[in-house]
Amino acid sequence: MSAPSQRRLIFQHIDEPGYTNDLACYLKHGGYEVMKRAFARKPEELIDEVKKSGLRGRGGAGFPCGVKWTLVDRKSGKPIYLVVNADESEPGTFKDRYIIHQDPHQMIEGIMISCHANNVKQAYIYIRGEFPGGARILEKAIAEARAANFVGPNILGTNYSCEIYVHRGAGAYICGEETGLIESLEGKRAYPRIKPPYFPAVLGLDQCPTIVNNVETLCHVKHIVGMGGEAYSKIGTPNNTGTRILCVSGQVQRPGYYEYEVGKITMGQLLNEVCGGPLPGRTFKAVIPGGSSAKILRFGERFKGKRKVGAEMVDYDWGVEDVPMDFDSLGMIGTMGGSGGVIVMDDSVNMVEALGNINEFYAHESCGQCTPCREGSLWMKKITGRMVHGEGRSEDGALLKNVADQIAGRTICAFGEACAWPTQSFVLKFGDEFKAYPEAKKNAPADSLKLV
Amino acid sequence: MNLKPETFSRIDEVIPHYPVKRSAALPLLHLVQEDQGYISQEAIEWIAAKLELQPINIYELVTFYPMFRQKPIGRRHIKVCRTLSCALMGGYKACGEFEKQFNTHRGEISPDGEVTIEFVECLASCGTAPVVMIDDDLHEKVDCAKARELSARIKTEAATRQ
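Residues numbered from 1 in each chain as written. Chains lettered and ligands numbered in written order. Predicted model: local features only at pLDDT ≥ 70, side-chain atom pairs only at ≥ 80, totals over all residues. Heavy atoms only, no water.

With that settled, consider unusual backbone geometry. Note the cis peptide between A:Lys195 and A:Pro196, where omega equals -10°. If you trace the backbone, A:Pro196 turns up in the loop between α8 (178–185) and β4 (210–214). With an omega of 5°, the peptide bond between A:Pro196 and A:Pro197 qualifies as cis. Here A:Pro197 is to be found in the loop between α8 and β4. Positive phi values are uncommon outside glycine, yet B:Asp135 reaches one of about 50°. Position of B:Asp135 among the secondary structure elements: in the loop between β3 (132–134) and β4 (137–139). A residue is classified by how much of its surface remains accessible, and B:Asp135, at 26% relative accessible area, is partly exposed. (Helix = DSSP H or I, 4+ residues; strand = E, 2+ residues; numbered from the N terminus. Buried < 20%, exposed > 50% of the residue type's maximum accessible area, 1.4 Å probe, protein only.)

Written out as structure tokens, the structure is:
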């Protein structure tokens, strides 16, 4: 079956010749019309539209956005904050970058509709420190929107006022975790908070109810309110509605970003047809489907089980190529859709070295708060580092697994899982390569690809 | 604290963006580092006083967040992405080429004082790997040839400045 065509909702104007990131261009393309209509409606109706749409968060966890909004404590009398998670830092993910740089007003419109729906008077965009140009673009776009009365006091002549400020991070991955992000926004180290009791919806920024949504998620809100939640829910597949931007990187012919209806394209269609297959003379070996913390898939492995199609349970027997790129299917085969970052590796890659690269990342980024994660991520890095640069032992795979198994589930935040899953899945699926590594290293050509 | 007048005005502008002053710690650190090139002990104490905090409350941020530094660097900052997608496409080679071009090692100031080269973690442009940031500008698909070209450009700019 050939791949479906892209459905560009969020990326409609990305890379379009002549499309610029200023307000005039956005208005010429119908910008802020959805917001004008939304401001004439009751906030509860807007929340209902988002609930009906079935929108799931695009930052990594895939939590239903409408449910997140429903959990907000509206009785406390405290102000409600919206914080936009523009920290995009999961390795392999590069979608928000293009929204921020090329279509910032789409994002601002989504933010303002979401603020109005949730009676938010103050929003912050937490943008990663490595996007200095993006922060300047957003500040300029907000100033333009403020001058046009789309942001700021008495928006569109109503008595509703809402301000947006841009807040820059400073290079710490953990700020993408929502409670770490809130701590960082409070001017502290980004140590994630324990839940319960610190659910942002109740005790977020300065102990006030806070909504944290990803950039792409908020852009979807604009389209949901534009077309109606019902209509939006018909895009994609049941429980995996809407479109999703898939970011493909690594060893394929045409890496890049592609927007598809969720679940309508398989991994094989994406990599072989859309991305043009492996590099010349190579074959695909492995793929990480949802950012570097998602469990790796090995080409050639098969997944069997029962899944729900409509009201019926049907058997499935999939190879990696057959898996639909949606939250539930990827979850069923033991990995996740995560942030949509697909990282492809071909047969030139040694999996011990690829894991070594990932382990260095997580050891660098552990916030250090919980012992199992701080020590475990460091030990995993040291072991893979020793294997690559020093003496590898045939039992290293088992040792790595032993360390990883003691991290997941024993930490305050999901970073524990994020750093354990790569090691667990690499060792499980490529155990033979870990065993054979000391020998393989001796025979490696001098000019082979360096990953660690 | 000796800062440029526009830095002072931007500092005064940003503090009221937050319900609690402490939230302005990261923005102030960015502004001071952009002004001075690094965060000195004096800057830590000054920012703390400005936000009615203890110096340790600022110092712990400088040591936690990778982008803040306590020492000067070269005139240009070359940040090469080290993470998987870039490494798969030759990020380590690109970094080595920069080191060769400026006769220096990662984390050090080059002998001519022109650059500091560093490995950084994922820059979120994995589809155009390998990527490099030179100061605020992103450069995509940086193979060895492009690394040489970028290095030559930096050297030319340095020569015209002198």
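What follows is about the interface of chain B and chain A. The interface of chain B with chain A comprises 40 residues on the first partner and 60 residues on the second. It is B:Phe64, B:Leu84 and B:Leu88 in chain B that bury the most area against chain A; as a group they hold 17% of the surface buried on that side. Connecting chain B to chain A are 3 salt bridges. Our count for the contact surface shared by chain B and chain A stands at 21 residue pairs in polar contact (both at pLDDT 80 or more). Of all elements in the fold, only α2 (25–36), α4 (55–64) and α5 (84–88) of chain B reach the threshold of two or more residues within the side of chain B that touches chain A. Take the side of chain B that touches chain A: its biggest share by element is 5 residues, from α2(B). (Contact = heavy atoms within 4.5 Å. Buried area = accessible area lost by both parts, 1.4 Å probe. Salt bridge = Lys/Arg side-chain N within 4 Å of Asp/Glu carboxyl O. Polar contact = N/O pair within 3.5 Å; in protein donor to acceptor, adjacent residues only side chain to side chain.)

Turning our eyes to something else, we now look at the packing of helix α6 (residues 104–118) of chain A against helix α9 (residues 215–227) of chain A. All names here are of chain A. In the contact formed by α6 and α9, the axes pass within 8 Å of each other and the chain directions differ by 75°. Taken together, the axis directions place α6 and α9 in an arrangement best described as roughly perpendicular. Facing Gln106, Met107, Glu109, Gly110, Ile111, Ile113 and Ser114 of α6, the residues of α9 in contact are Val215, Leu218, Cys219, Val221, Lys222, His223 and Val225. Of the residues contributing to the contact of α6 with α9, the split by class is 8 nonpolar, 4 polar and 2 charged. (Axes fitted to C-alpha atoms, helices over the stretch in contact; angles between N-to-C directions. Parallel < 35°, antiparallel > 145°, perpendicular 65-115°, else oblique. Nonpolar A, V, L, I, M, F, W, Y, C, P; charged D, E, K, R; others polar.)

We now examine the sheet that holds β4(A). Residues and elements named next belong to chain A. Pairing is parallel in the open sheet, where 4 strands are placed in the order β3-β2-β1-β4. Pairing within the sheet leaves two strands with one partner each, and these edge strands are β3 (163–168) and β4. On average, each strand axis in the sheet is tilted by 20° relative to the strand beside it, whichever way the strands run. Where strand β2 (residues 122–127) and β3 come together, 6 bridges link them in parallel fashion. Looking at the pairing, Ile127 lines up with Arg168 of β3. (Pairing = 2+ DSSP bridges.)

We now examine the sheet that holds β4(B). Two pairing modes exist for strands in a sheet, parallel and antiparallel, and in both the strands are linked by backbone hydrogen bonds. Residues and elements named next belong to chain B. Read from one edge of the open sheet, 4 strands run β2-β1-β3-β4, paired in mixed fashion. Looking at which strands have only one partner, the edges of the open sheet turn out to be β2 (115–120) and β4. Mean inter-strand twist for the sheet, computed between neighbouring axes without regard to direction, equals 20°. Inspection of the sheet shows strand β1 (residues 76–81) paired to β2 by 6 bridges, in the parallel sense. Within the sheet, the bridge partner assigned to Cys81 lies in β2 and is Val120.

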